[in-house]
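Tertiary structure, described
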Amino acid sequence: MCGFSFLLDRRIPPPQAKQRMERSLQAMQHRGPDDGHIEVSGDTMLGHRRLSVIDLAGSRQPMSDPTGRYLLAYNGEIYNYVDVRNQLDGRWAFTTKGDTEVLLAGLVLQGASFLERLEGMWAFAFWDSQERCLLLGRDRMGKKPLFFQPLPEGGMTCASEIPSLRKLSDEPWHESLDSTADYLRYGYYLPGTTAYQDVCEVLPGHTLGWSPGKSIEAKAYWSLPLNPFQGTRKQAKFVLQEKMFAAVERRLVSDVEVGAFLSGGVDSSLIVSILVDQLNVSPKTFTIGFEEKSYDESMFADLVAKRFSTEHYVEYLKEWDSGVLEKLIFEHVGQPFSDPSILPTAMLSKLAASHVKVALSGDGGDELFSGYQRYQARVLLQWYTRLPILVRKNIRYVVESIPEPMVHHSHSLIKKAHLFLDTVDRQAGETSYIAPLMFSNEEFSGLAPDLIGRGHRPPKLPDETDLDDIYKMMASDALIYLPQDILQKVDRASMAYSLETRAPFLDSEVVKTAFSIPRQWHRRGMVGKRMLRETFSGFLPDNIWKRRKQGLGVPVGRWFRENLGRELEGLIEDVDMPLNKLWLKEMLVSHRENKRDQGLQLWMIYIYLLWKRNGMCIGAESQLANMISGK
């Protein structure tokens, strides 16, 4: 796992360009602490930072072909590179043992169509010095990041992280209000966009072609497969089992030790089960526990670790280090990011990185196998909207008359009832569904009246003609929520500690199989992940299958009733923003008085205001000294 930068800016002399490239690479040394190198090709520079996982002594990047015409910088892992290399043998004289040269050879010999043959995760920059054209590309599901910014007078920059991209140019960056509207609706930016005007990301499953003086051309080489499974349910379970076994085994290709995250949930536990019982691998496993019991899953992780006799490591978090959040947002993500679970994910990555260099994760299981509780809420919503209006009013009256508990929803039916009414209120804004909304249309009008009507259109989703509501949600979550929230969180948090994470559920064959299975096989009524449960029922203890879904939650609700609420008050007063300050203050008061738990919404706004107060700068000075610990 690595990071890279590309620079072509003819307005500045070569020594200045090299200084910018060096600063860019220094800003992402965490992505590649093992080696760093810059290659110059005429007026073009390509720089790389390396985390050595395969072919430790060789495969230095940027890598050129024997003629020197082509130059490649690459971030990721190609798990089937040995098979693909054998297919290319005879057409290319390989001099290294890693996957980088396989990607280089394939792009030289076959162009972008070569990507269809690969299994893995990647982002790359491929420069043709003769034709003077740049090809950028990202993996199918968007596991690896890649950002770019066109420059005046036919220039271009790109980098693996936004803070590194910013080091490549002295052009001023400005907030995109359309992106801000997206962020306030969803808690993250839509695919292809960033918080900044004219700063973009390459879309997952796409390549992007560019030449000086010409327009940028983006092409999709992959789309979410939605072909119905041709066979019986029993046959589908057999296929799914074989695909999962192969996906986990492929992700063990490495010249360093591979461990595993273990939350105690179904997805990560299943991966550990396959490692131990099917592949005869006993991994080190890693868990983060919480002092606040309604958020703690460590007892389930401990049960799984004992069942499979793994070398298990757990760390309990009692308070948050404000410096961790500052570094994650300003030095790694580089723009507002509202999912507070990035904090425990970073702590988990730090723990794992002290023992291994690579870890498997369970990311993608909920999107592929209908695991989220919002899918259950949509089923309930279909039933609820058929009730007489008077009955619905009475249900709302009863629920709202009971104070909303400030605990994790997995531990309270009352909490779930309040969250369901939030879903009812937001349904108008979620038609058609793009991603979970943070606010209803009415709430958004109160929060950001100047941003009504602003926002980006999401990238085209797959043809949904034959999909029901739940499958539409699953497809949208796989293409939007997964890359923009979950995968971004895990990539930045893990790479902050130079840890590579691999997600077997995101294997292209597993994705294809999961989305071929009829929705009624995935879920029945309120029960999701049925296909996963039936296929692998004997792989895990019953209490893991039966436990309530929880996820890596964070008690932000309590924080805003304590020190973080005072910090937010100061931000509301001090920051110039396109938000309604009076509405924000009333929202905070309602939360503090336990009238309504709006911890996640307040956290999203807090991160945005923190970014605004810092002048949208990256690598800012400490702003969080009084955040949570009260120090």
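Look above for the structure.
A few points on the structure. (Residues numbered from 1 in each chain as written. Predicted model: local features only at pLDDT ≥ 70, side-chain atom pairs only at ≥ 80, totals over all residues. Heavy atoms only, no water.)

Bringing the nonpolar core into the picture now. Ranked by internal contacts, the top residues of the largest apolar core, which has 93 residues, are Leu103, Phe124, Phe515 and Phe536. Looking at which element gives the most residues to this core, the answer is helix α16 (residues 469–495), with twelve residues. (Core = buried A, V, L, I, M, F, W, Y, C linked by side-chain atoms within 4.5 Å. Buried < 20%, exposed > 50% of the residue type's maximum accessible area, 1.4 Å probe, protein only. Helix = DSSP H or I, 4+ residues; strand = E, 2+ residues; numbered from the N terminus.)

Okay, the pairing of strand β2 (residues 35–41) next. Pairing of β2 with strand β3 (residues 44–50) involves seven bridges; the strand directions are antiparallel. Bridge pairing in β3 links His37 to His48. Hairpin connection of β2 to β3: two residues between the antiparallel strands, including Gly42 at a positive phi of 70 degrees. (Pairing = 2+ DSSP bridges.)

Take the sheet that holds strand β6 (residues 120–128) next. With antiparallel pairing, the six strands of this open sheet are ordered in space as β4-β5-β6-β7-β11-β12. Among the strands making up the open sheet, the edge pair consists of β4 (63–64) and β12 (217–220).

Let us look at the pattern of salt bridges. Counted under the stated rule, the structure contains 39 salt bridges. When the shortest N-O distance is used, the salt bridge between Glu77 and Arg502 registers 3.9 Å. In this pair, Glu77 sits in strand β5 (residues 70–78) while Arg502 sits in strand β17 (residues 500–502), placing the two residues 425 residues apart along the sequence. Both residues of the pair, Glu77 and Arg502, belong to the buried class. (Salt bridge = Lys/Arg side-chain N within 4 Å of Asp/Glu carboxyl O.)

The strand order across the open sheet built from five strands is β15-β14-β13-β16-β17, with neighbouring strands paired in parallel fashion. Edge strands, defined here as strands with exactly one partner in the open sheet, are β15 (311–317) and β17. Taken pair by pair, the neighbouring strands of this sheet meet at an average axis angle of 30 degrees, ignoring direction. Alignment of strand β13 (residues 258–261) against strand β14 (residues 284–290), held across two bridges, turns out to be parallel. (Axes fitted to C-alpha atoms, helices over the stretch in contact; angles between N-to-C directions.)

Turning our eyes to something else, we now look at the packing of helix α10 (residues 342–353) against α16. It is the contact of α10 with α16, at a shortest axis distance of 8 Å, that shows an interaxial angle of 40 degrees. Between α10 and α16, the interaxial angle falls into the category oblique. Remark: the crossing between α10 and α16 carries right-handed chirality. Where α10 abuts α16, its residues Ile342, Thr345, Ala346 and Ser349 lie against Lys489, Val490, Ala493 and Ser494. Classifying every residue of the contact of α10 with α16 by side-chain character gives four nonpolar, three polar and one charged. (Parallel < 35°, antiparallel > 145°, perpendicular 65-115°, else oblique. Left-handed = near helix turned anticlockwise from the far one by under 90°. Contact = heavy atoms within 4.5 Å. Nonpolar A, V, L, I, M, F, W, Y, C, P; charged D, E, K, R; others polar.)

On to the packing of helix α6 (residues 233–250) against helix α7 (residues 266–278), then. Where α6 contacts α7, the axes come no closer than 10 Å and their chain directions differ by 85 degrees. As summarised for this structure, α6 and α7 are arranged roughly perpendicular, according to the angle between their axes. Where α6 approaches α7, its residues Met244, Phe245 and Val248 are matched on the opposing element by Ile274, Leu275 and Gln278. Looking at the contact of α6 with α7 residue by residue, the classes come out as five nonpolar, one polar and no charged.

Mapped onto the secondary structure, Thr44 falls in strand β3. Thr44 gets classed as buried once you look at its relative accessible area, which sits at 2%. In this structure the C-alpha to C-alpha distance between Thr44 and Gly155, which are 111 residues apart in sequence, comes to 9.7 Å. Leave out the neighbours within four places in its chain, and Thr44 touches Phe6, Leu7, Leu8, Glu39 and Trp127.

By themselves, these observations are geometric and do not establish any function.
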